[in-house]
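Results of the structural survey
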Amino acid sequence: MRISLEFISKTPLRLPLQYNHLLAGVWYSYLNTPYRTVLHDQGLRRVKGKPVKLFTFSRLEGPYVMDRKSKTITFHGPVRWTVASALDELIYDFSMSLLKAKHVLLGGMEVQVGAVRLETYTGTTTQSQIRLLSPVTVYRTVKQPDGRKFTHYYRPGTPEFTSLLRKNLILKATALGMDITDDDAQFEMIPVDENSLKERIILYQDTPVHGWDGDFRLRGTRKMLELAWNAGVGMKNSGGFGMIDIFSRGR
């Protein structure tokens, strides 16, 4: 399930270019305390000791002007923000808290919550064309001979990207207790045009994360496509990565 929100500011909304952590702060602030504490500290579900948080969120959408000198982005007019989770109770809890609030603080600026819309997945296909509402990141962290860790990020369209993306989605399914067979677990994310892919480097809590933007086709089982829509694709979803929007459907 997902919630789409409209934020309205009386003055232009000026934020740092790297604002993902501010949006994550809004999400955690408006969850009830038991959810907030467990989800933030250790994830609501764990698989082989790994925390799985099962939510993601989009970047802000609306007219904006970037100032690279001051490292800020200023939105003019209402902005839209979308949050999704494979656990419906989190979205219900978040939406109820927001409806009770008169305003939200975002980067020290007060914004009002305008339109609120809840959405559930209605797709019935095994192929869909999508756009990314936030960049997708896929990586593997390895230990070097000197003991230091190195994170290798993979470009969409490579075998490593496809393999790790699918394994990550299976991890999320396992965390949800889904019964996944080999046939169920088929999933691919294919760039529509590899030349149009754009690499994004986003700082999240002072850590640079390499992600990719572009248009893609998803191909897989209906079960996996629904999970991708709810929980996000790729890694670091809880930091605002890997949220998708389906805009055309195949068979």
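Provided above is the structure to which this section pertains.
One structure accompanies this document, and this report is about it. Remember, predicted model here, so these are calculated numbers, not experimental data.

For the rest of this paragraph, the subject is the pairing of strand 7 (residues 72-75). Going residue by residue along strand 7, you find Thr72 and Thr74 tucked away on one face and Ile73 and Phe75 tucked away on the opposite face as well. Of the pairings in the sheet, the one linking strand 2 (residues 13-16) to strand 7 comprises four bridges and is antiparallel in character. By the bridge assignment for strand 7, Leu13 is matched with Phe75. Between the antiparallel neighbours strand 6 (residues 64-67) and strand 7 lie four residues, among them Lys71 with a positive phi of about 55 degrees.

Moving on, we get to the sheet that holds strand 10 (residues 109-119). Taken in spatial order, the five strands make up an open sheet running 5-8-1-10-9, and their pairing is antiparallel. Here the strands that pair on one side only, and so sit at the sheet edges, are strand 5 (55-57) and strand 9 (104-106). Each adjacent strand pair in this sheet contributes to an overall mean axis angle of 35 degrees, direction not counted. Here three bridges tie strand 9 to strand 10, and the two strands are oriented antiparallel to one another. Residue pairing for strand 10: Val104 is matched across the bridge by Val111. The strands that helix 3 (residues 88-100) touches are strand 1 (2-8), strand 8 (79-85), strand 9 and strand 10; relative to strand 8, the one it contacts most, it runs at about 145 degrees.

Quick look at the environment of Gly108 now. Tracing the chain through its elements places Gly108 in the loop between strand 9 and strand 10. On the accessibility criterion, Gly108 (70% relative accessible area) is exposed.

All right, on to the nonpolar core then. Leu15, Trp27, Leu60, Trp81, Phe94 and Leu106 are the most contacted members of the largest nonpolar core, which totals 38 residues. Of the residues forming this core, the biggest block, six residues, is contributed by helix 1 (residues 20-29). Excluding its chain neighbours within four sequence positions, the residues that come into contact with Trp27 are Leu39, Phe55, Trp81, Val83, Leu90, Ile91 and Phe94.

Attention now goes to unusual backbone geometry. Its identity as a non-glycine residue notwithstanding, Asp206 has a phi of 70 degrees, on the positive side. By the element assignment, Asp206 lies in the loop between strand 15 (198-204) and strand 16 (207-213). In this model, Lys236 sits at a positive phi of 55 degrees, which is unusual for a non-glycine residue. Within the element layout of this structure, Lys236 appears in the loop between helix 5 (222-231) and strand 18 (244-249).

A side chain with one charge may pair with a side chain of the opposite charge, provided their charged atoms come close. In the structure shown here, the tally under the stated rule is eight salt bridges. Across the pair Asp184 and Lys223 runs a salt bridge, and its minimum N-O distance is 3.5 Å. One end of the pair, Asp184, is in the loop between helix 4 (159-175) and strand 14 (187-191); the other, Lys223, is in helix 5, with 39 residues separating them in the sequence. Taken together, the shared-partner salt bridges connect Arg59, Arg200 and Asp213 into one network.

Across the sheet, which stays open at both edges, the three strands sit in the order 2-7-6 with antiparallel pairing between neighbours. Because the sheet does not close on itself, it has two edges, and the strands there are strand 2 and strand 6. Direction aside, neighbouring strands of the sheet carry axes that sit 20 degrees apart on average. Strand direction decides the pairing type here: strand 6 and strand 7, joined by four bridges, are antiparallel.

Cut-offs and rules
Note that residues are indexed from 1 along each chain, following the sequence as it is written. Given that this is a predicted model, residues contribute local features only at a pLDDT of at least 70 and side-chain atom pairs are listed and counted only at 80 or more, while totals for whole chains, interfaces and linings are drawn from all residues. Side-chain figures throughout are based on the complete set of non-hydrogen atoms in the structure, without hydrogens or water. Note on classification: 1.4 Å probe, protein chains only; a residue is buried when its accessible area is under 20% of the maximum for its type, exposed when over 50%, partly exposed between these limits. Note on conventions: DSSP H or I runs of at least 4 residues are helices, E runs of at least 2 residues are strands, and numbering of each starts at the N terminus. Any two strands are treated as partners once DSSP identifies two or more bridges connecting them. All axes here are fitted lines through C-alpha atoms, helices being fitted over the stretch that makes contact, and every angle between N-to-C directions spans 0 to 180 degrees. Whether two residues touch is decided by their heavy atoms; if any such pair falls within 4.5 Å, the residues are in contact. Each nonpolar core is a collection of buried residues, namely Ala, Val, Leu, Ile, Met, Phe, Trp, Tyr and Cys, held together in the definition by side-chain atoms within 4.5 Å. A pairing counts as a salt bridge when a side-chain nitrogen of Lys or Arg comes within 4 Å of a carboxyl oxygen of Asp or Glu.

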